[in-house]
Amino acid sequence: MPETKRVALFCSDLDGTLLGLPEASADFRRIWDSLGDDRPVLVYSTGRLVEDAMRVIRAGGLPEPDYYIGGVGTVIHDPGAGGVIPDYAEALSEDWDLAKAIEVVRSFSGIEEQPAEQQNECKSSWFWHDASPADLDRLRAALDEAGVTAQVIYSSARDLDVLPRRANKGNALRWICGKLGVPLDEAVVAGDTGNDSSMFQVEGVRGIVPANAEPELIEAVRDLDAFRARGECAAGIIEGLIHHGVFPQHRS
Ligand code: GLC
């Protein structure tokens, strides 16, 4: 039986979640568009920066969202209000020292910088293949030691994001819910990798995990309210939205 609790906002990751299986993405679009005006607010939350996210949603045929959360929660973009919300970015940059963070990461061997188009003033992203929890702890300790108040997020056994202390997808979601007056327990989130875990950890939020999710996310949501779908990517997200009562159970 689908859940009947109201869903006022749906916040989803893109790669490996709404994108990845083109036919399922097209199904998602079709069902979403059929919901009409009383549909939930739609937010995309991605590790990509906003321009890049806009490009992939168009290429993937996904519906336009009401908000974008870009760069792993470092940017909030409101297309309806003309773009990036400056207050949010300002709040993040307090006690953040990008140059120092980069210097510390560079002092580690085996970590390679991601291309310039993946970086912004609050997001320093790297490739670090198969880093262990102990490696990540060493990096956190080195950042602490250097007086950098940073947060280290590791995804897909490869992507390393070093961000200001408060920057993550979960806090960006809290910010949007606060601005819109949406109670957190009326939000449903979806994602497949480590950078999504902070969304599932927002108190009261319900989640959807597609079958292709990475082990780090499955581990992080073990004790949380997360629906584990059988389908991969958007096929799993459709199942989850049916479970949460957003999508109709029977469709043509
Ligand atoms: C996306 C971003 C990348 C980031 C990763 C994990 O792939 O493009 O910069 O490291 O997400 O958050």
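Because the structure is a prediction, the values reported are computed rather than measured. By convention here, each chain's residues receive numbers from 1 onward along its written sequence. At least 70 in pLDDT is required for a residue's local features to be given in this predicted model, at least 80 for side-chain atom pairs to be given and counted, and no such filter applies to totals for whole chains, interfaces and linings, which use all residues. Side-chain measures here rest on the full set of heavy atoms in the structure, leaving out hydrogens and waters.

1. A short note on the sheet that holds strand 5 (residues 83-84)
Definition in use: Only strands that DSSP links by at least two bridges are regarded as paired with each other. Each helix is a run of H or I in the DSSP string that is no shorter than four residues. Each strand is a run of E no shorter than two, and both are numbered from the N terminus.
Spatially, 8 strands are ordered 5-4-3-2-1-10-11-12 in an open sheet, and the strand pairing comes out mixed. On the outer flanks of this sheet lie strand 5 and strand 12 (226-228), each paired with one strand and no other. Across 4 bridges, the pairing between strand 1 (residues 9-12) and strand 2 (residues 41-45) is parallel. Residue S12 lies in a different strand from strand 2, and its bridge partner there is Y44.

2. Section: the side chain of D78
How we decide: Summary of the burial criterion: residues with accessible area below 20% of their type's maximum are buried, those above 50% are exposed, and those between are partly exposed, where the area comes from a 1.4 Å probe applied to protein chains only. Two residue types count as positive, namely Lys and Arg, and two as negative, namely Asp and Glu; His and chain ends fall outside the count. Note on definitions: salt bridges are taken to be side-chain nitrogens of Lys or Arg within 4 Å of carboxyl oxygens of Asp or Glu. N or O atoms within 3.5 Å of each other form a polar contact, as long as, within protein, one can give a hydrogen and the other can take it, and as long as residues adjacent in sequence are counted only when both atoms are side-chain atoms.
Looking at the element boundaries, D78 is found in strand 4 (residues 75-78). The buried charged residue D78 lacks any salt bridge, with K179 as its nearest oppositely charged partner at 4.2 Å. There is a polar contact of 3.0 Å between the side chain of D78 and the backbone nitrogen of G80.

3. Examining the packing of helix 4 (residues 98-106) against helix 5 (residues 133-145)
What counts, and what does not: In this analysis an axis means a line fitted to C-alpha atoms, helices contributing only their contacting stretch, and an angle means the value between N-to-C directions, from 0 to 180 degrees. Roughly parallel here means an angle under 35 degrees, roughly antiparallel means over 145, roughly perpendicular means 65 to 115, and every remaining angle is called oblique. What makes a crossing left-handed is the near helix being turned counterclockwise from the far one by less than a right angle; a clockwise turn instead makes it right-handed. Contacts were defined at the residue level, with two residues in contact if any of their heavy atoms lie within 4.5 Å. In this count, Pro and Cys sit with the nonpolar residues alongside Ala, Val, Leu, Ile, Met, Phe, Trp and Tyr, while Asp, Glu, Lys and Arg are called charged and the others, Gly among them, polar.
Helix 5 packs onto helix 4 with a crossing angle of 135° between their chain directions and a minimal axis gap of 10 Å. When the interaxial angle is binned, helix 4 and helix 5 end up oblique. Viewed along their axes, helix 4 and helix 5 form a crossing whose handedness is right-handed. Contact residues: A101, V104 and V105 in helix 4; L139, A142 and L143 in helix 5. Partitioning the contact of helix 4 with helix 5 into residue classes produces 6 nonpolar, no polar and no charged.

4. With respect to the site of the ligand
For clarity, the cut-off: If a single non-hydrogen atom of a residue is within 4 Å of a molecule or strand, that residue counts as near it. All accessibility values rest on the Shrake-Rupley procedure with a 1.4 Å probe; residue burial counts only the protein chains present in the view.
The environment of the ligand is made up of G47, R48, V72, Q114, Q118, K123, S125, D159, D161 and N195. Between an oxygen atom of the ligand and a side-chain N or O atom of D161, the distance comes to 2.5 Å. Contact distances for the ligand include 2.6 Å between an oxygen atom and a side-chain N or O atom of N195. Protein contact buries 85% of the 310 Å² of open area that the ligand shows by itself. Tallied by class, the residues present in the shell around the ligand amount to 1 nonpolar, 5 polar and 4 charged.

5. Considerations on the domain arrangement of the chain
The following threshold applies: Where each domain starts and ends follows an automatic or database-derived domain assignment. By convention, the term buried area covers the 1.4 Å-probe accessible surface removed from two parts as they join, with the contributions of both added.
As assigned here, the chain comprises domain 1 (9-90 + 167-243) and domain 2 (97-164). With centres defined by C-alpha atoms, the gap from domain 1 to domain 2 works out at 24 Å. Taken together, the contact between domain 1 and domain 2 spans 14 residues of the former and 15 residues of the latter. Between domain 1 and domain 2, roughly 1,000 Å² of surface is buried when both sides are summed, and carbon and sulfur atoms account for 53% of that area. On the domain 1 side of the contact with domain 2, L49, T74 and A167 bury the most area, a combined 41% of that side's loss. Summed over the shared surface of domain 1 and domain 2, the number is 0 salt bridges. Residue composition of the side of domain 1 that touches domain 2, grouped by class: 4 nonpolar, 7 polar and 3 charged.

6. A look at the environment of F28
Tracing the backbone shows F28 in helix 1 (residues 22-34). Exposure remark for F28: the relative accessible area of 0% places this residue in the buried category. Taking the C-alpha atoms as reference, F28 lies 30 Å from Y88; in sequence the two are 60 residues apart. Ignoring anything within four residues of it in the chain, the contact list for F28 reads F10, L18, Y44, L62, P63, A234, I238, L241 and F247.

7. Describing the sheet that holds strand 6 (residues 112-113)
The sheet built from 4 strands is open, its strands ordered 6-7-9-8 with antiparallel pairing. The outermost strands of the open sheet, each flanked by one partner alone, are strand 6 and strand 8 (150-155). Bridge count for strand 6 against strand 7 (residues 124-127) is 2 bridges, and the pairing is antiparallel. Each bridged residue has a counterpart across the sheet, and for E113 the counterpart in strand 7 is W126. Sheet strands in contact with helix 4 are strand 6, strand 7 and strand 9 (159-164), and its direction is about 15° off that of strand 7.

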